[in-house]
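# Per-entry structural report
The chain contents come next:
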Number of protein chains: 2
Amino acid sequence: MQDDDWREDCAPRRVLEIFATKWTSMILHTLNARHKGAARSGALHRSLPGVSKKMFVQTLRDMETGGLLDRHIDSTVPPAVTYRLTPLGHRFVGLVDLVYDWGRDNADALDALQPREGARRTRSTVLSQSEHDA
Amino acid sequence: MQDDDWREDCAPRRVLEIFATKWTSMILHTLNARHKGAARSGALHRSLPGVSKKMFVQTLRDMETGGLLDRHIDSTVPPAVTYRLTPLGHRFVGLVDLVYDWGRDNADALDALQPREGARRTRSTVLSQSEHDA
DNA sequence: GAACGTAGTTACCTTAAGGAGACCACCATG
DNA sequence: CATGGTGGTCTCCTTAAGGTAACTACGTTC
């Protein structure tokens, strides 16, 4: 392996972009695993606990722009919007499943991993953590 | 698949934490692939183009806390510090290699992926275009 | 004694990611 | 007419991630 393999824009580094946005991989996975590749907006949203409306829509837009999803509007009376995976989206589902399956098979490793110092203050611990040296 | 599989702290979601910090996976991979699992601070740093000193050290600290790395200080004349993968670290190298190998094998999919609207001016984009026409 | 290399620490700053919550337009139902 | 469901948009806000650059301290070499 050469230095060149690790210049800024090599393929390995770019893979990380899929995981850089919090919900992208989960949308890919859920759309594929629970909705057979296509789902209406509301149904998809409800199957992703924790995502805010804003981030949900924003992530879908980014994924559509990226070519991972198609957005179909049945412009009927209450406009029904359906999202479906593109072929490119399906490619990336393969990657996501790889990673998620690893997580399932290695849950013990994930349990063994201690959280980072800075990552445990979930806004509730922030308030009680204000007393270091004065 | 049930809703319960997607509650906040399921294994699949936690895997993402490894990729949440920009340099963690690269350090794991590089340490394993280019340094046989152990390297001195400076050598490791030099094999990771783009990382700032601060983030390099900070990420190493977090990884040490997480149990992915050991830090050995040969307190000799100029203190030589060596980082080596722990068994847990080796586990995660497996995951990282999985992802990076996918990236290598699917570079065309990565090329086909259009960047997000908001992600136009990331560092890699800036660098790869820093010598634009102007 | 100035510069260099090792291995950091610290302060300061910018940006982007993410979340909260209000609002819009449409229609149906009670 | 108020409520609820669809599928959004908008603005405001907080936090964390990451980067820059300066500084430490030690020892060697020019």
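Residues numbered from 1 in each chain as written. Chains lettered and ligands numbered in written order. Predicted model: local features only at pLDDT ≥ 70, side-chain atom pairs only at ≥ 80, totals over all residues. Heavy atoms only, no water.

The name that an unreviewed UniProt entry assigns to chain A is HxlR family transcriptional regulator, with the source organism given as Puniceibacterium antarcticum.

### Digging into the overall build of chain A
As a reminder, the rule being used: Runs of E in the DSSP output that reach at least two residues are strands. Runs of H or I that reach at least four are helices, and both are numbered from the N terminus. We call a residue buried when its accessible area falls under 20% of the maximum for its residue type, exposed when it is over 50%, and partly exposed in between, using a 1.4 Å probe and counting protein chains only. Any two residues whose heavy atoms approach within 4.5 Å are treated as being in contact. Computed with the Shrake-Rupley method and a 1.4 Å probe, the accessible areas treat only the protein chains shown as cover for residues.
Counting its regular elements, chain A contains seven helices and three strands. Helices (α) and strands (β) of chain A occur, in sequence order from the N terminus, as α-α-β-α-α-β-β-α-α-α. Here chain A, with 134 residues, has 42% of them falling under the buried criterion. Across chain A, contacts joining residues at least 24 apart in sequence account for 45% of those joining residues at least 6 apart. When the accessible surface of chain A is totalled, it reaches about 7,500 Å², and 50% of it is carbon and sulfur.

### As for the side chain of B:Thr30
Residue and element names in this part refer to chain B. Its location among the elements puts Thr30 in helix H2 (residues 24-35). In this structure Thr30 comes out as buried when scored by relative accessible area, which is 0%. Residues in contact with Thr30, not counting those within four places in the same chain, are His35, Leu44, Ser47 and Leu48.

### A word on the packing of aromatic side chains
Counted only if it meets this: Within 6.5 Å between ring centres, the rings of Phe, Tyr and Trp (the latter by its six-membered ring) count as paired, and their orientation is classed by plane angle as stacked under 30 degrees, edge-to-face over 60, tilted in between.
Scanning the entire structure with this criterion turns up three aromatic pairs over all chains. Taking 5.3 Å as the distance between ring centres and 20 degrees as the angle between the ring planes, the aromatic pair formed by A:Phe19 and B:Phe19 counts as stacked. Remark: B:Phe19 occurs in helix H1 (residues 11-20) and A:Phe19 occurs in helix H1 (residues 11-20); the pair is interchain, linking two chains. With relative accessibility at 7%, the residue A:Phe19 sits in the buried group. Measuring from ring centre to ring centre gives 5.2 Å for A:Trp102 and B:Phe92, while their planes differ by 50 degrees; the resulting arrangement is tilted. With A:Trp102 in helix H5 (residues 87-105) and B:Phe92 in helix H5 (residues 87-105), the pair connects residues from two separate chains. Classification of A:Trp102 by relative accessible area gives buried; the value is 9%. Judged by its relative accessible area of 0%, B:Phe92 falls in the buried class.

### Observations concerning the nonpolar core
In plain terms, the rule: By convention a nonpolar core is built from buried Ala, Val, Leu, Ile, Met, Phe, Trp, Tyr and Cys residues, the set being connected through side-chain atoms within 4.5 Å.
Membership of the largest hydrophobic core comes to 66 residues, with the highest contact counts inside it found for A:Phe92, A:Val99, B:Phe19, B:Phe92 and B:Val99. Contact partners of B:Val99, with chain neighbours within four places excluded, come to A:Val15, A:Phe19, A:Leu95, A:Val99 and B:Phe19.

### A word on the packing of H5(A) against H5(B)
To keep it simple, the criterion reads: Under this scheme, a helix contributes an axis fitted over its contacting stretch, all axes are lines through C-alpha atoms, and angles between N-to-C directions fall in the 0 to 180 degree range. Relative orientations are named as follows: roughly parallel for angles under 35 degrees, roughly antiparallel for angles over 145 degrees, roughly perpendicular for angles from 65 to 115 degrees, and oblique for any other angle. All amino acids are sorted into three groups, where Ala, Val, Leu, Ile, Met, Phe, Trp, Tyr, Cys and Pro are nonpolar, Asp, Glu, Lys and Arg are charged, and the leftover types, Gly among them, are polar.
Two elements in contact, H5(A) and H5(B), have axes separated by 10 Å at closest approach and are oriented at 175 degrees. The angle between H5(A) and H5(B) falls in the class roughly antiparallel. Here A:Arg91, A:Phe92, A:Gly94, A:Leu95, A:Leu98, A:Val99 and A:Trp102 of H5(A) come into contact with H5(B), specifically with B:Arg91, B:Phe92, B:Gly94, B:Leu95, B:Leu98, B:Val99 and B:Trp102. Looking at the contact of H5(A) with H5(B) residue by residue, the classes come out as 10 nonpolar, two polar and two charged.

### Here we look at the environment of B:Leu88
Within the secondary structure, B:Leu88 sits in helix H5. Take B:Leu88: its relative accessible area is 14%, and that puts it in the buried class. For the pair B:Leu88 and B:Gly67, spaced 21 residues apart in sequence, the C-alpha to C-alpha distance is 6.7 Å. Other than its neighbours up to four places away in sequence, B:Leu88 contacts A:Ala109, A:Ala112, A:Leu113, B:Gly66, B:Gly67 and B:Leu68.

### A few points about the protein's contact with DNA strand C
For the record, the criterion: Near is defined per residue: the residue qualifies when any heavy atom it owns lies within 4 Å of the molecule or strand. For the purposes of these results, a polar contact is taken to be a pair of N or O atoms within 3.5 Å, where, inside protein, one atom must be able to donate a hydrogen and its partner to accept one; residues adjacent in sequence count only when each atom of the pair is a side-chain atom.
Taken together, 21 residues form the shell around DNA strand C, and within it A:Lys22, A:Lys54, B:Arg40, B:Arg71 and B:Pro79 come nearest. Counting only the atoms of DNA strand C within 4 Å of the protein, the fraction contributed by sugar and phosphate is 66%. Residue B:Arg61 places a side-chain N or O atom 2.9 Å away from a phosphate oxygen belonging to DNA strand C. Within the side chain of B:Arg71, one N or O atom sits 2.3 Å away from a phosphate oxygen of DNA strand C. For the surface near DNA strand C, the elements supplying multiple residues, two or more each, are helix H4 (53-66) of chain A together with helix H3 (41-46), helix H4 (53-66) and strand S3 (80-85) of chain B. For the surface near DNA strand C, the leading source of residues is H4(B), giving four residues.

### Structural notes on the protein's contact with DNA strand D
Close to DNA strand D lie 24 residues, the nearest being A:Arg40, A:Arg71, A:Pro79, B:Lys22 and B:Lys54. When atoms of DNA strand D within 4 Å of the protein are sorted by moiety, sugar and phosphate together comprise 65%. Note that a phosphate oxygen of DNA strand D is positioned 2.6 Å from one of the side-chain N or O atoms of A:Arg40. A:Arg61 places a polar side-chain atom, nitrogen or oxygen, 3.1 Å from a phosphate oxygen of DNA strand D. Elements that contribute at least two residues to the surface near DNA strand D include exactly helix H3 (41-46), H4 and strand S3 (80-85) of chain A together with H4 of chain B. In terms of residues, the surface near DNA strand D owes the most to one element, H4(A), which gives four residues. Residue composition of the surface near DNA strand D, by class: nine nonpolar, four polar and 11 charged.

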